[in-house]
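Given next are the chains, with one letter for each unit.
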Amino acid sequence: MSEGIGLTRTENVSDKDAPFQLRGGSVNLMLMKLVDMTSDSFYERLSDKVRQAPNFFRNAPLVLDLDGLSGDENLDFSDIRSRLRACGLMAIGVQGGAPRHQEAALRVGLPALPPGRPARLDTAPTAQPIVAAKVQPPPPQEPPPRTTLFVSEPVRSGRQLYAAGGDLVITNLVSAGAELLADGNIHVYGALRGRALAGISGDTNARILCLSLEAEMVSIAGLYRVNEDIAPSFYRKPVQIYLKEGYLCLDTF
């Protein structure tokens, strides 16, 4: 059959010809829990904190956690974003809090982000037909086995390693500018000079252990401490880092 005037056949366009690509990924975001926005010292103390580690905080993307605020407070998110920017922090969204606060944030371009990791774009669940069936309780499932990622070579500056679903073990040194991520524990049998983030999926029992602590930043389940906040008595010592009663603790061993 001949084609009509003005009509063309539908053709598939290869992804490589598209002017953009959408991919799932993970990005490290700093979360700041707002407790008392009425405090006169709020931005002064924040500026002091940023000055302690300017390279770490400079232009860092920031999510505002609103769960600690009263829903009755009136928040000017345009002013908050501007004053955070003056401190060197880039607010990109909010999390939790009262609906009125989320709506006010959205009006100035700060979307409400879901807790935890965002879903990957390429793994959205497909709709399934509804079928009437007898409801049965699901059988108990064993938790997935914990895995361990072993790395024996030095971890150079600019390299990022992620142990998904388990522990990360480095049997060599970690250079400044490198980044270690693990859902479980991190062991470094050498000098730890980069950044180490353990328990990044929320495991508060995770630990970081190293033979020589020289890190730029360490974190357990989102609670972190930068180099300037670590006492000199721990520098270049064997140290374990863990959470206790909601605080990040360091011990030599």
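Here the residue numbers are simple positions, counted from 1 along each chain's written sequence. Note on the predicted model: pLDDT of at least 70 is required for a residue's local features to be given, and 80 or more for side-chain atom pairs to be given and counted; whole-chain, interface and lining totals, by contrast, use all residues. Here the side-chain values reflect all heavy atoms present in the structure, with hydrogen atoms and water set aside.

Engineer: What should I look at first to understand the overall build of the protein in this one?
Structural biologist: Secondary structure elements are defined from DSSP: runs of H or I of at least 4 residues count as helices, runs of E of at least 2 residues count as strands, and each element is numbered from the N terminus. Of the regular secondary structure elements, the protein holds four helices and 14 strands. The proportion of buried residues among the 253 residues of the protein is 34%. Restricting the contact set of the protein to residue pairs at least 6 apart, pairs at least 24 apart contribute 38%. Each accessible area is a Shrake-Rupley result for a 1.4 Å probe, and residues are judged covered by the shown protein chains and nothing else. Accessible area of the protein: about 16700 Å², with a carbon and sulfur share of 53%. Relative accessible area decides the class of each residue, using a 1.4 Å probe on protein chains only: under 20% of the type maximum gives buried, over 50% gives exposed, and in between gives partly exposed. Pairs of residues are marked as contacts when any of their non-hydrogen atoms sit within 4.5 Å.

Engineer: What is the right way to look at a nonpolar patch on the surface in this model?
Structural biologist: Patches were defined on residues exceeding 30% relative accessible area and lacking a salt bridge, with like-charge contacts within 9 Å and nonpolar side-chain contacts (Val, Leu, Ile, Met, Phe, Trp, Tyr) within 5 Å. Here, a salt bridge means any side-chain nitrogen of Lys or Arg that lies within 4 Å of a carboxyl oxygen of Asp or Glu. The grouping of Leu29, Met90 and Ile92 at the surface amounts to a nonpolar patch, some 220 Å² of accessible area in total. Tracing the chain through its elements places Met90 in strand β3 (residues 89-95). In this structure Met90 comes out as partly exposed when scored by relative accessible area, which is 33%.

Engineer: What's the story with the pattern of salt bridges in this structure? I'm lost.
Structural biologist: Charged atoms that come close allow side chains of opposite charge to pair. Tallied over the entire structure, the rule returns seven salt bridges. Put simply, Lys33 and Asp65 hold a salt bridge, and the shortest N to O gap is 3.9 Å. Taken together, the residues Lys33 in strand β1 (residues 30-33) and Asp65 in strand β2 (residues 60-65) connect sequence positions 32 residues apart. Looking at Lys33, the relative accessible area reads 47%, which means it is partly exposed.

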